[in-house]
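The chain contents come next:
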Amino acid sequence: MILEEMKIKNFRNYDSLEINLSPGINILYGNNGQGKTNLLESIYVLGLTKSHRSFIDNNLIKKNEVMSKLEGKVKKNSLSSHLEIILNKSSKKLKLDCKDIHKVSEYISLMNIIIFYPEDLELVKASPVVRRRFLNVEISQIDSGYLELINQYNKVLKIRNTYLKDPKNKEYLSIITDHLIEIASSIYVIRKKFIDRINEYIEPIFFNLSTLSNFQLFYKTSIVIDDFRKEHIKELLEQKFLEMYDQELKYKITLIGPHKDDIEFQMNGENIKNYGSQGQQRMAVLAIKLSEIEILKKYKKENPILLLDDVFSELDDERKNSLLNYIQDGIQTIITTTDLKNINKSILKKAKIFNVQSGKIIEKGE
Ligand SMILES: Nc1ncnc2c1ncn2[C@@H]1O[C@H](COP(=O)(O)OP(=O)(O)OP(=O)(O)O)[C@@H](O)[C@H]1O
Ligand SMILES: [Mg+2]
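Residues numbered from 1 in each chain as written. Chains lettered and ligands numbered in written order. Predicted model: local features only at pLDDT ≥ 70, side-chain atom pairs only at ≥ 80, totals over all residues.

Chemist: Is there a simple way to think about the overall build of the protein in this case?
Modeler: Regarding its fold elements, the protein presents 11 helices and 15 strands. Scaling as 2.2 N^0.38, a compact globule of 366 residues should have a C-alpha radius of gyration of about 21 Å, and the protein matches this with 22 Å. In terms of its C-alpha atoms, the protein occupies a principal-axis envelope of roughly 70 × 50 × 35 Å. (Helix = DSSP H or I, 4+ residues; strand = E, 2+ residues; numbered from the N terminus. Rg over C-alpha atoms; globule rule 2.2 N^0.38 Å.)

Written out as structure tokens, the structure is:
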């Protein structure tokens with residue numbers, strides 16, 4: 001998948017910008033605060049409708065403006081499509097080839113993006129909600145029905161929680177619970193499949209980066225699930241909800257389900273969050289993302305677009321080379337750096353290089 005052209009209007013510190021990208025490596029360099037990350041962010045938002053670093057969409061619109069527009073020409077298996085997203089202060093509009101797309105879930109799987117950025121370490125360190133968000137974003141790029149399922153789950157969960165606060169009719173609770181169980185069991189199956197797929201690739205990748213073995217992701221669910229077939233999970237949940245009934249009424253909240261999920265990054269069976277070094281944690285995140293590239297290649301028959309925000313300054317030479325081995329594999333890559341010295345000469349030779357200065361871009365050599 002290649003993003004051939006990107007058009008930006010009133011996004012962050014950009015007024016208006018048009019950029020033609022190379023199908024290979026693109027480098028954005030410039031001083032701090034010039035708009036390098038903003039440009040990567042615009043590509044991320046174009047593909048995934050949300051920012052990787054801000055939960056508030058209004059921050060994305062240029063100060064003192066009321067709307068922002070991003071457009072991209074994406075080429076997939078020699079077919080071109082035109083993606084467009086319009087952000088207003090209170091709404092978002094998505095378009096494919098000038099036609100409105102009403103479901104985010106349909107739009108989000110059109111463009112596959114993997115991003116590496118300095119705050120990635122949060123994935124290991126932060127609370128489970130960050131890891132659940134990661135699962136949701138990544139899985140919805142592969143499975144277009146998944147996001148719909150999550151939205152449904154959140155709706156039913158909210159109804160159930162409201163009901164638990166003021167339960168009147170036991171029969172009604174039972175109907176909502178059955179509905180929740182149906183959706184929950186599907187989510188468990190899909191998340192487990194995704195984690196298993198990552199685990200198919202991650203061990204050798206992590207070993208390449210760190211020379212450490214026995215690295216796996218572990219799917220940590222709020223109930224012990226020993227068999228991830230849907231019918232089995234449904235039975236298990238039915239039984240657990242019965243057992244939890246009094247407790248749920250006491251706490252007035254749903255105590256089990258995928259909204260409590262977590263993933264552990266385990267090295268030799270231990271959680272890397274508690275005992276891995278900072279560098280090992282960074283390698284772990286890198287290995288997950290590199291495994292995702294393999295998953296997208298295998299299951300979507302498509303290379304994702306790679307966005308690397310300032311990662312080269314944080315990696316030692318060996319790590320840089322491991323990462324470069326992956327990106328040379330015909331994957332369109334957009335790299336930001338404050339200093340071209342951080343990037344190998346062999347890469348610079350092949351790359352299209354852009355200088356970023358206060359929301360303007362000049363192609364080097366022009
Ligand atoms: N909504 C907005 N409207 C106008 N300007 C904005 C908006 N949001 C952020 N900015 C400006 O964008 C600039 C930051 O851009 P960006 O994060 O892309 O920098 P960068 O080039 O990646 O820098 P660094 O090398 O420090 O990471 C800041 O000057 C900030 O004030
Ligand atoms: Mg930046």
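Chemist: Sorry if this is basic, but what is going on with the sheet that holds strand β10 (residues 262-267) here?
Modeler: As a general point, the strands of a sheet are linked pairwise by backbone hydrogen bonds and lie either parallel or antiparallel. If you walk across this open sheet you meet the 3 strands as β9-β10-β11, and the pairing is antiparallel. Since the sheet does not close on itself, it has two edges, and those belong to β9 (215-220) and β11 (270-271), each with one partner. Against the sheet, helix α6 (residues 170-210) touches β9 and β10, its axis set at about 165 degrees to β9. (Pairing = 2+ DSSP bridges. Contact = placed C-beta atoms within 7 Å. Axes fitted to C-alpha atoms, helices over the stretch in contact; angles between N-to-C directions.)

Chemist: It is not clear to me how the packing of α6 against helix α7 (residues 230-251) should be interpreted in this structure. Could you clarify?
Modeler: Any two packed helices are characterised by the angle at which their axes cross and by the distance between the axes. Following both chains from N to C, one finds α6 and α7 inclined at 135 degrees, their axes separated by 9 Å at the closest point. In terms of orientation, α6 and α7 fall into the oblique class. The element α6 and its partner α7 pack so that their crossing is right-handed. Here T177, I181, A184, S185, S186, Y188 and V189 of α6 come into contact with α7, specifically with K230, I233, K234, L237, E238 and F241. (Parallel < 35°, antiparallel > 145°, perpendicular 65-115°, else oblique. Left-handed = near helix turned anticlockwise from the far one by under 90°.)

Chemist: Could you clarify how one ought to interpret the sheet that holds strand β13 (residues 333-337) in this entry?
Modeler: The sheet built from 6 strands is open, its strands ordered β8-β12-β13-β3-β14-β15 with mixed pairing. Edge positions in the open sheet fall to β8 (113-116) and β15 (360-363), since each of these has one partner strand only. Averaged over all adjacent pairs, the angle separating strand axes in this sheet is 20 degrees, with direction ignored. Pairing of strand β12 (residues 305-309) with β13, which is carried by 4 bridges, proceeds in the parallel orientation. Bridge pairing in β13 links L306 to T333.

Chemist: When you look at the site of ligand 1 in this model, what are you seeing that I'm missing?
Modeler: What surrounds ligand 1 is a group of 17 residues, the closest being N13, N32, K36, T37 and N38. With 3 residues, helix α1 (residues 36-48) is the single largest residue contributor to the shell around ligand 1. By residue class, the composition of the shell around ligand 1 is 2 nonpolar, 10 polar and 5 charged. (Near = placed C-beta within 6 Å. Nonpolar A, V, L, I, M, F, W, Y, C, P; charged D, E, K, R; others polar.)

Chemist: Is there a simple way to think about the environment of I181 in this case?
Modeler: Secondary-structure assignment places I181 in helix α6. Expressed as a C-alpha distance, the spacing of I181 and E235, which sit 54 residues apart in the sequence, is 9.0 Å. In contact with I181, other than residues within four places in its own chain, are K234, L237 and E238.

Chemist: Help me out: how do you make sense of the nonpolar core in this one?
Modeler: Soluble globular proteins tend to bury their nonpolar side chains together. Formed by 88 residues in total, the largest nonpolar core has its most connected members in I43, I113, A284, A287 and L307. Among the domains, domain 1 (1-112 + 302-366) and domain 2 (124-300) are the pair contributing at least three residues each to this core. (Core = buried A, V, L, I, M, F, W, Y, C linked by C-beta atoms within 7 Å. Buried ≥ 20, exposed ≤ 12 C-beta atoms within 10 Å, placed from the backbone. Domains from an automatic or database assignment.)

Chemist: Quick question: what am I supposed to make of the pairing of strand β14 (residues 352-357) here?
Modeler: Along any regular strand, the residues point their side chains to alternate faces of the sheet. As paired strands, strand β3 (residues 25-29) and β14 are joined by 4 bridges and run parallel to one another. The residue of β14 that forms the bridge with N26 is K352. Bridging between β14 and β15 involves 4 bridges; their strand directions are antiparallel. Residue pairing across strands places N355 opposite I362, the latter belonging to β15. What sits between the antiparallel neighbours β14 and β15 is a turn of 2 residues, in which S358 has the positive phi angle 30 degrees.

Chemist: Looking at this structure, how should I read the environment of I61?
Modeler: Positionally, I61 belongs in the loop between α1 and β4 (67-76). Note on I61: 19 C-beta atoms within 10 Å, which makes it partly exposed. Taking the C-alpha atoms as reference points, I61 and L87, separated by 26 residues in sequence, lie 7.3 Å from one another. Residues in contact with I61, not counting those within four places in the same chain, are N10, M67, S68 and L87.

Chemist: Explain the domain arrangement of the protein to me, please; I cannot follow it from the model alone.
Modeler: Quite often, the size of an interface is put as the accessible area lost when its parts meet. Examined at the domain level, the protein breaks down into domain 1 (1-112 + 302-366) and domain 2 (124-300). Counting residues at the interface gives 15 residues for domain 1 and 15 residues for domain 2. Looking at the side of domain 1 that touches domain 2, the elements with two or more residues in it are α2 (104-108) and α10 (317-327). Partitioning the side of domain 1 that touches domain 2 into residue classes produces 7 nonpolar, 5 polar and 3 charged.

Chemist: Please explain unusual backbone geometry as it appears in this structure.
Modeler: Apart from glycine, the bulk of residues carry a negative phi angle, and the bulk of peptide bonds sit in the trans form. For N214, which is not glycine, the phi torsion reads 55 degrees and is therefore positive. Counting through the fold element by element, N214 comes out in the loop between α6 and β9. Backbone geometry at D310 places phi at a positive 60 degrees, although glycine is not the residue there. Locating D310 in the fold gives a position in the loop between β12 and α10.

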